[in-house]
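Architecture at a glance
For reference, the chains in residue letters:
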Amino acid sequence: MQRHNSSKLFEKAKELMPGGVSSPVRAFRAVGGAPIYPVRGKGSHFTDADGNRLLDYCMSWGPLVVGHAHPKVVEAVTETAKRGLSFGMPHDSEIRLAARLSQDLPEGWQVRFVSSGTEAVMTALRLARGKTGRDVIAKFTGCYHGHSDCLLVKAGSGLATFGTASSAGVPEGATNDVLVLGLDDSTGAVDALRKVGDRLAAVVIEGIPANNGLLVQRAEFLEDLRQVSRELGAMVIADEVLVGYRTPSVLVSRENGLDPDLITLGKVIGGGMPVGAIAGPAETMASLAPDGPVYQAGTLSGNPVAMSAGLATLEVLEAEGGQARLEQLGARLESGFVSVAAGLSLPVRLQRAGSIFWLALDTETLPRSAEAIASESMDKYQTLHQGMLERGIYLAPSGYEVGFLSTAHTEEDIDRTIEAFGECLQEAYRSSD
Ligand code: PLP
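The structure reproduced in this document is the subject of the present report. (Residues numbered from 1 in each chain as written. Predicted model: local features only at pLDDT ≥ 70, side-chain atom pairs only at ≥ 80, totals over all residues. Heavy atoms only, no water.)

**A look at the overall build of the protein**
If you tally the helices and strands in the protein, you get 12 helices and 17 strands. Radius of gyration (C-alpha) of the protein: 21 Å, near the 22 Å computed for a compact globule of 433 residues. Across its three principal axes, the protein shows a C-alpha extent of roughly 55 × 55 × 45 Å. Taking all 433 residues of the protein together, 55% fall into the buried category. Counting only contacts in the protein whose residues sit at least 6 apart along the sequence, the fraction spanning at least 24 positions is 72%. Surface accessibility of the protein: about 18000 Å² in total, with carbon and sulfur atoms responsible for 51%. The positive charge centre, built from 39 side chains, and the negative charge centre, built from 52, are 4 Å apart in the protein. (Helix = DSSP H or I, 4+ residues; strand = E, 2+ residues; numbered from the N terminus. Rg over C-alpha atoms; globule rule 2.2 N^0.38 Å. Buried < 20%, exposed > 50% of the residue type's maximum accessible area, 1.4 Å probe, protein only. Contact = heavy atoms within 4.5 Å. Areas by Shrake-Rupley, 256 points an atom, 1.4 Å probe, with all protein chains shown as cover. Lys, Arg positive; Asp, Glu negative; His and termini not counted. Charge placed at Lys NZ, Arg CZ, Asp CG, Glu CD.)

Written out as structure tokens, the structure is:
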């Protein structure tokens, strides 16, 4: 595959921007080579700066659930933009998106819009701390909730430790009140949370952990977290920035045992524009400014163009029977992969939740915790990624990242992908011998 123009653009970008990128994984460090520069996207494909047409499973890291440049989304954005890009005032587009979201939220819940998932979770934590008057937050190893200081923590050794920062520049004080727990370990989590007792403000967890592999949790584990949080008078925050509107249940945390007190959203509800949201019962949300003492604000929060993109995306998804279609495509990918993998007799598994999938390499069982992922498998992913690119298929440039389907993907896309997986997996395992 020709990558001359993309490489040239990357060289120029590196002169002007740190690492050449605006977000680190895009730099392709985990898979090697220069990143691909897209110039236009349509449906399930995009065309890059060298004229290659690539089948996309990154889909802007999830938001593009109805595909690239869906005509209805483009029309909504264009019509809104013609009337003004931003006012910094309340706008009817935010009311319409809030009303659409309220169809999927519990009765009596409200929504506050922000411009990213990071902001949504950061605000949800502040709200939980402000509402409970407590400081401690518990999070899980392998769960990503954006790049705010207090959430950039990883576990030390041992079952549950107070976190140390996983980024330079995060002051110790920012993570002092963040407890890091292991996924899929009820006893460890419940014991650690009980020890924190009435200092615990909230437990935050991804609706389905999907930022360090796709680590689908057992319902009992989630129910235990729910129960102990209730017992301690703490909140459960389900971070659905990534999984929201990507599984048949739409908001998975309402059904998987978490039964959260707050839900954070992003990605799909912005349809490719910068959006995040915090949702919770009106009584809790009343703690946010201007009604309450918990401050939150944003110049571009509730931006009309972004609201219109999100609303149009959700409307298209509904009108096209999107969730059923995504499930159909996901099931085809999954069953096709299972038969290819069985034919190859390789230790590989495909984990799937609705329109999200992840390849677990070097394992016969699907991991449920970050620790259960073999780090050697990432070398194989690198070979796999390169092979797929050569065959015109774009996967996320890291083996820890998930893939995303859209309603614009077709049966032919899926079948071609399965065939390519078969060939590239063989290459990946051969090259590691
Ligand atoms: N929460 C989850 C679960 C995410 O997956 C992400 C981003 O991938 C975020 C929060 C942060 O969202 P953003 O990148 O929009 O700040």
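From this point, the narrative continues.
**What about the pairing of strand β10 (residues 200-206)?**
Within β10, seven of the seven residues are buried, which leaves it mostly tucked inside the rest of the structure. Taken together, the three bridges between strand β5 (residues 136-140) and β10 define a ladder with parallel strand orientation. Along β10, the bridge assignment pairs Ile137 with Ala202. In this region the chain leaves β10, passes through helix α7 (residues 219-232) and returns to the parallel neighbour strand β11 (residues 235-239); the handedness of that crossover is right-handed. (Pairing = 2+ DSSP bridges. Right-handed = clockwise from strand over helix to strand, strands pointing away.)

**What about the pattern of salt bridges?**
The tally for this structure, following the rule as stated, stands at 21 salt bridges. The salt bridge involving Lys14 is made with Glu11; its shortest N-O contact spans 3.2 Å. Of the two residues, Lys14 and Glu11 are both situated in helix α1 (residues 4-16); the distance of three residues between them amounts to about one turn of the helix. Assessed through its relative accessible area of 38%, Lys14 is described here as partly exposed. (Salt bridge = Lys/Arg side-chain N within 4 Å of Asp/Glu carboxyl O.)

**A few points about helix α6 (residues 186-196)**
Where α6 is concerned, the buried positions are Ser186, Gly188, Ala189, Val190, Ala192, Leu193 and Val196. Of the surrounding secondary structure, the elements contacted by the buried residues of α6 are β5, β9 (178-181), β10 and α7. One or two steps after α6, the chain reaches Gly197, where phi turns positive at roughly 55°.

**A word on the side chain of Ser406**
Counting through the fold element by element, Ser406 comes out in the loop between β17 (403-404) and α12 (411-431). A polar contact is formed between the side chain of Ser406 and the side chain of His409, at a distance of 2.9 Å. In contact with Ser406, not counting residues within four places along its chain, are Met59, Leu64, Val65, Val66, Gly67, Leu326 and Leu329. (Polar contact = N/O pair within 3.5 Å; in protein donor to acceptor, adjacent residues only side chain to side chain.)

**A short note on the site of the ligand**
The full set of residues close to the ligand is Ser116, Gly117, Thr118, Tyr144, His145, Gly146, Glu206, Asn211, Asp239, Val241, Leu242 and Lys267. Between the ligand and Tyr144, the relevant distance is 3.5 Å, taken from a nitrogen atom to a main-chain nitrogen or oxygen of the residue. Asp239 is positioned with one of its side-chain polar atoms (N or O) 2.7 Å from a nitrogen atom of the ligand. Across the complex, the protein chains shield 82% of the 380 Å² of accessible surface that the ligand would expose by itself. A class-by-class count of the residues in the shell around the ligand yields three nonpolar, six polar and three charged. (Near = heavy atom within 4 Å. Nonpolar A, V, L, I, M, F, W, Y, C, P; charged D, E, K, R; others polar.)

**Section: the packing of helix α10 (residues 322-344) against α12**
Across the interface, α10 lies against α12 with an axial gap of 9 Å and an inter-helix angle of 25°. Classified by the angle their axes make, α10 and α12 are roughly parallel. Handedness of the α10/α12 crossing: right-handed. Contacts between α10 and α12 involve Arg325, Leu329, Arg332, Leu333, Gly336, Phe337, Val340 and Leu344 from the former and Glu411, Ile414, Asp415, Thr417, Ile418, Phe421, Gly422, Leu425 and Gln426 from the latter. (Axes fitted to C-alpha atoms, helices over the stretch in contact; angles between N-to-C directions. Parallel < 35°, antiparallel > 145°, perpendicular 65-115°, else oblique. Left-handed = near helix turned anticlockwise from the far one by under 90°.)

**Description of the environment of Leu258**
Positionally, Leu258 belongs in the loop between β11 and β12 (262-265). When its relative accessible area of 0% is taken as the criterion, Leu258 is described as buried. Separated by 34 residues in the primary sequence, Leu258 and Asp224 have C-alpha atoms spaced 8.7 Å apart. Apart from residues no more than four positions distant in its own chain, Leu258 is found in contact with Ile205, Gly207, Leu222, Arg226, Val236, Ala238 and Ser253.

**As for the nonpolar core**
Ranked by size, the top nonpolar core spans 64 residues in total, and within it Leu101, Tyr245, Ile269, Leu384 and Phe421 carry the most contacts. When neighbours within four sequence positions are excluded, Ile269 is seen to be in contact with Leu97, Leu101, Phe113, Tyr245, Val275, Gly276, Ala277, Gly310 and Leu314. Listed in part, the 41 residues of the second largest apolar core include Ala234, Ala238, Val243 and Trp358. (Core = buried A, V, L, I, M, F, W, Y, C linked by side-chain atoms within 4.5 Å.)

**Some words on the sheet that holds strand β1 (residues 38-42)**
Ordered in space as β1-β2-β3-β16, the four strands form an open sheet in which the pairing is mixed. Two strands in the sheet have a free side with no partner beyond their single neighbour: β1 and β16 (393-394). Note that strand β3 (residues 53-56) and β16 share two bridges and pair parallel. From the neighbouring strand, Asp56 faces β16, where its bridge partner is Tyr394.

**Considering the sheet that holds strand β14 (residues 348-353)**
Neighbouring strands of a sheet are bound in pairs by backbone hydrogen bonds; such pairs are parallel or else antiparallel. Strands sit in the order β14-β15-β17 across an open sheet of three strands; the sheet is antiparallel. On the outer flanks of this sheet lie β14 and β17, each paired with one strand and no other. Judged from the two bridges that link them, strand β15 (residues 356-361) and β17 form a sheet pairing that is antiparallel. Pairing of Ile356 across the sheet is with Phe404, part of β17. The strands touched by α12 are β14 and β15; relative to β15, the strand with the most contacts, the crossing angle is about 30°.

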